[in-house]
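Results of the structural survey
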Amino acid sequence: MGVLNFHRERCTLCGQCVEQCPFGALELKDGRVELNASCKMCRLCVKNCPAEAITYVEEEEKESVDKDKWRGILVFAEQEASGIHPVALELIGKARELAGKINYPLYVILIGSEKATEQAEELLYYGIDRVHVYAHKELAHFRGDVYTAVMEDCIRKVRPSVVLVGATSLGRSLAPACATRFRTGLTADCTMLDIKENTDLVQIRPAFGGNIMAQIVTTHTRPQFATVRYKVMDVAKRQERFGEIIYETVTQEMLKSGMEVIGTETVNQEKGIEEEEILVVGGRGLKKQEDLKLLEELAKALGGQVATTRPLVEKGWNDVTRQIGLSGRTVKPKLIITCGVSGAVQFAAGMDNSQCIVAINTDPEAGIFKVANYGIVGDLYEIVPKLTQAVRERKQ
């Protein structure tokens, strides 16, 4: 790929380049030619400029990093009040698989209070070669600048080729800051990962509204950062303990922060739809907000929760934390029942790893039937109450 250079001293403002551009990428504004984002580098403007005022210059190939000096895969194990966030075990499982392909070691970094030491002992049962623990009372609560400084210290010591972070609220703040420190690439919200023999990480994620699956590779820099959505990878299997724990020193320089924690308050958080084993989902087929009660009755009978698609959230019928899809949450329940859901690719990408998908829709050609294990063609207003009654009778 190259760049277009505009030599204004030669330009006569004849407008031929604007007329010749098939993409509408050139415009005459304020007595000069301007280039917009529609340019495809076809170079017709270069060929058709009578004054030779536009030239094309190939960019020099960037110098690649010495990949042999960056080895291993590092996983950031996020902590919650109850312990290690479940997404960390999913990342460890995938990292173990990737590391095995290229014979790389697997590392984990734990940042937190003194409790991090206990959690590190547990992690050694999941096939980790080394756990790096940064334990300090001032690390009990997340502060972006402090955690970034700690991560930077660990990465410079370990020099991993790949760094994996959960795509949680914390991870989405931490990973970009770390990638910026190392002037390297980051792919957010990955749903699949693979690795090449030359150690380039293949980072796969939905793009263009879920219409394509983009494969992104960081070829010239290290480490390679990726955040991964919760509930899209398989959890690491517990095995015999091996590996070691390295207790790192937390310096005052790392703890310097532009933020001050004045106080904390524990909020009673309801179980999220990501953790649910049974979900009943409402879509455009619902006529009014009150009709969600039909689904709530079925969910209650099954012992699950109600979720919705994006259109219903945009109407204000449900909270965004109960939305499934690319712009919402990714779920992986044992059972999901969709009611009046068409099955757009953006929605399907957020739930197609569910163990059992039951779809209810009046349209036999609805896209949801392509991913469903069981399909019921019919009116949800007739079928859902009958299902609810059948479940209640079965329980009795």
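Residues numbered from 1 in each chain as written. Predicted model: local features only at pLDDT ≥ 70, side-chain atom pairs only at ≥ 80, totals over all residues. Heavy atoms only, no water.

Before going further, it helps to spend a moment on helix H11 (residues 380–395). Between its terminal C-alpha atoms H11 stretches 22 Å, which fits the 22 Å expected from 16 residues at 1.5 Å a residue. Of the positions making up H11, those classed as buried are Leu380, Ile383, Val384, Thr388 and Val391. Projected down its long axis, H11 shows its buried positions confined to an angular sector of 135°, all on one face. Seen from the buried face of H11, the exposed residues on the opposite side, beyond 90 degrees, are Glu382 and Lys386. For H11, the elements touching its buried residues are helix H8 (292–302), strand E19 (335–339), strand E20 (356–361) and strand E21 (374–377). Near the N-terminus of H11, the side chain that reaches the backbone nitrogen of Tyr381, with its oxygen 2.9 Å away, is that of Asp379. (Helix = DSSP H or I, 4+ residues; strand = E, 2+ residues; numbered from the N terminus. Expected span 1.5 Å × (residues − 1). Buried < 20%, exposed > 50% of the residue type's maximum accessible area, 1.4 Å probe, protein only. Arc of directions from axis to C-beta. Contact = heavy atoms within 4.5 Å. Polar contact = N/O pair within 3.5 Å; in protein donor to acceptor, adjacent residues only side chain to side chain.)

Moving on, we come to the sheet that holds strand E9 (residues 130–135). Across the sheet, seven strands lie side by side as E11-E15-E10-E5-E8-E9-E16; this open sheet has parallel pairing. In this open sheet, the two edge strands, each paired with only one partner strand, are strand E11 (186–190) and strand E16 (244–247). Between one strand and the next, the sheet's axes are offset by a mean angle of 20°, whatever the strand orientation. In the packing of helix H5 (residues 144–158) onto the sheet, contacts are made with strand E5 (73–76), strand E8 (106–112), E9, strand E10 (162–166) and strand E15 (224–228), and the angle to E8 comes to roughly 155°. Sitting on the sheet, helix H6 (residues 169–181) touches E5, E10, E11 and E15, and the angle it makes with E15 is about 170°. (Pairing = 2+ DSSP bridges. Axes fitted to C-alpha atoms, helices over the stretch in contact; angles between N-to-C directions.)

Summed over the entire model, instances satisfying the criterion amount to one aromatic pair. Ring centres of Phe142 and Tyr147 lie 5.0 Å apart, and the angle between their planes is 80°; this geometry places the pair in the edge-to-face category. It is Lys40 that lies over the ring of Phe23; its NZ or CZ is 5.2 Å from the centre. When the ring centre of Tyr56 is taken as origin, the NZ or CZ atom of Arg43, which lies over that ring, is 4.0 Å away. (Phe/Tyr/Trp six-rings, centres within 6.5 Å; stacked < 30°, edge-to-face > 60°. Lys NZ or Arg CZ within 6 Å of the ring centre and 35° of its normal.)

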